[in-house]
Amino acid sequence: METKSLNQISCEQVYNIWATEPHLLKIIDLRDRVAFLQGHIPGAQWVPMNHLEKEIDVLGNRLAVMVAPEHLLEELERRCGEAQNCVLLSQCERWAQLKKPLAGNGVEAIVEQYLNKGEAMKNDIIFHQLFDSESSTYTYLIADAKSKEAALIDPVLETVDRDLKLIEELGLRLMYVLDTHIHADHITGAGEIRRRTGVQTAVSKDAQVGCVDIPLEDGQELFLGDKKIHVLATPGHTNTCMTYVFEGRAFTGDALLIRGCGRTDFQQGSSEKLYESVTGKLFQLPDQTIVYPGHDYRGMTSSTIGTEKMHNPRLNERISKAQFQQIMSDLKLANPRKIHEAVPANMACGMPRDHRTFHPQNVDGIPEVSVEDVHSKLSAAAAGNIRLIDVRRPDEFNAEYGHIAGAELVTLGPELTAFLEKGDRSEEIVFICRSGGRSGQATAESQKLGYRFTVNMTGGMIRWNEKKFLVERNKGE
Ligand SMILES: [Fe+2]
């Protein structure tokens, strides 16, 4: 139907304004609620016809673009009256044909859940926010209280013991470990937790992590009891970022931070994509959705979608895509300290050496193995999979107790410190001394420097000799 008094605007014209100067627009969607939820222009507001005048009153200088079905056009004309800045979007369905992002997909299922369950859905879950002070990373434990099924989001390798203890204390069954993306600032605990518990690990399928159990896709759903974890692809910080939405909480990783967002300058990041992910997807979630980010560096713990829409200085409803891209390109940040270690490790589920030779016992924080264990694995040392580092003095190396064949002498003190400082942190090393004391110190020192697979041989060469295992003594050295 042709309208006489309402000016029409084409999809292309709206798109051009929407993409560059969205603060000049207010898109008012007058279709029925179901049609709106099935897909709408990102940023559009659903308005019932009888509220239209109120919206027009608060337009200010913005252009109101009406999305309306034919049968409402006459009423629309009447209600718009003489308002000069109201236009009708012609042939709205062409928006999709232009391949512009439509909000919808995973998002409307979440909105639907809100409409149906409201506040009640917050009461029957278990939720813990955990923190790693080294990398300022938040790890989240979420669970369905009835079935006790749980998931961990973004665990950190160094805090795996803490997280698993909490799960045990709460009597939960860990079903999934979910990473929001391939992290550059810490090593994921996913692989280590799987090794210990057999849990399934999940990350975006686009990350192409071979060791992952569930490669995730946009719109996928995972269950904890009868409750859903909705998976939303929110690329931009990296090309594989996912947001997980569970019972009114959005775990946004580094896509949306509290009053900020993740950087977009490495790991196939894109400020354009991040803008689209946040405004087109996350900002389409109900305003009261609680935002739990991947990090916070200022002591904040949570926010809401509504608050971030208003107050996020980089991404709020008044900032255009072009402005956002400028902000991001002006940042010029240094690389994270751990990037060269963390990214390759995380591509291997946090376990670059998935087949470790030793499974040490932790004694007072020091991983320890017995002389029998070391003896049975000497072939691994001969094959170069592990290193035997003897930390005694040179005069002890060839004296009474001798040394293990293949052991390298690196004396505890400055020599060992220099050796460790330039070494490969993912190398598997057994430290050896006379009775286990100095090699324990060496193990502790290596772990402080970031070594993850170093162990102490308890009992040292004294025990080794008691067991009558072979020793070497290089005479004349
Ligand atoms: Fe990140």
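See the structure shown above.
Residues numbered from 1 in each chain as written. Predicted model: local features only at pLDDT ≥ 70, side-chain atom pairs only at ≥ 80, totals over all residues. Heavy atoms only, no water.

A. Inspection of the coordination of the iron ion at higher detail. For the iron ion, the protein coordination sphere consists of His181 (NE2), His237 (NE2) and Asp254 (OD), at 2.1 to 2.4 Å. Mapped onto the polypeptide sequence, the residues donating to the iron ion form the spacing pattern H-x55-H-x16-D. Separated by 56 residues along the polypeptide, His181 in the loop between strand E9 (173-178) and helix H8 (190-197) and His237 in the loop between strand E13 (227-233) and strand E14 (242-246) bring together distant segments of the chain. The same class applies to His181 as to His237, namely buried. (Donors = N, O, S within 2.8 Å, 3.2 Å for Na, K, Ca; no water. Helix = DSSP H or I, 4+ residues; strand = E, 2+ residues; numbered from the N terminus. Buried < 20%, exposed > 50% of the residue type's maximum accessible area, 1.4 Å probe, protein only.)

B. Local environment of the packing of aromatic side chains. All chains considered together, the criterion is met by 10 aromatic pairs. Aromatic side chains Tyr140 and Phe251 sit 4.9 Å apart centroid to centroid with 55° between the ring planes, which places their arrangement in the tilted category. Of this pair, Tyr140 sits in strand E7 (residues 137-144) while Phe251 sits in strand E15 (residues 249-253), and the two are 111 residues apart along the sequence. A residue is classified by how much of its surface remains accessible, and Tyr140, at 1% relative accessible area, is buried. (Phe/Tyr/Trp six-rings, centres within 6.5 Å; stacked < 30°, edge-to-face > 60°.)

C. Here's a closer look at the nonpolar core. Core analysis: the biggest nonpolar cluster contains 22 residues, and Ile142, Tyr176, Leu178, Leu216, Ile229, Tyr244 and Phe251 have the highest contact counts within it. Contributions of two or more residues to this core are made by E7, strand E8 (149-153), E9, strand E11 (214-216), strand E12 (221-224), E13, E14 and strand E16 (290-293). Once you skip the residues sitting within four places of it in the chain, Tyr176 turns out to touch Ala150, Ala151, Leu152, Val199, Gln200, Ile214, Leu222, Phe223, Leu224 and Ile229. (Core = buried A, V, L, I, M, F, W, Y, C linked by side-chain atoms within 4.5 Å. Contact = heavy atoms within 4.5 Å.)

D. Quick look at the sheet that holds E16. If you walk across this open sheet you meet the six strands as E12-E13-E14-E15-E16-E17, and the pairing is mixed. Each of the sheet's edge strands pairs with one partner strand only, and the pair in question is E12 and strand E17 (303-304). With four bridges connecting them, E15 and E16 associate as parallel partners. Bridge assignment links Phe251 to a residue of E16, and that residue is Tyr292. (Pairing = 2+ DSSP bridges.)

E. Examining helix H11 (residues 321-329) more closely. Within the sequence span of H11, burial applies to Lys321, Phe324 and Met328. Around the axis of H11, the buried residues are gathered within 60° of arc, so they sit on the same side. (Arc of directions from axis to C-beta.)

F. Local environment of empty space enclosed by the protein. For the structure shown, the criterion picks out one cavity of 30 Å³ or more. Taken as a whole, the largest cavity encloses approximately 100 Å³ of empty space. Lining the largest cavity are 14 residues, and of these Asp179, Thr188, Val203, Asn346 and Cys349 lie nearest its centre. Sort the elements by how many residues they give to the lining of the largest cavity and strand E10 (residues 200-204) lands first, with three residues. (1 Å grid on protein atoms, 1.4 Å probe; cavity = no way out; pocket = protein on both sides within 12 Å on 5 of 7 lines; lining within 4 Å. Points joined across faces, edges and corners; volume = space filled by probe spheres on them.)

G. Up close: the side chain of Thr289. Within the secondary structure, Thr289 sits in the loop between helix H9 (271-280) and E16. A distance of 2.7 Å separates a polar atom in the side chain of Thr289 from the backbone oxygen of Pro286. (Polar contact = N/O pair within 3.5 Å; in protein donor to acceptor, adjacent residues only side chain to side chain.)

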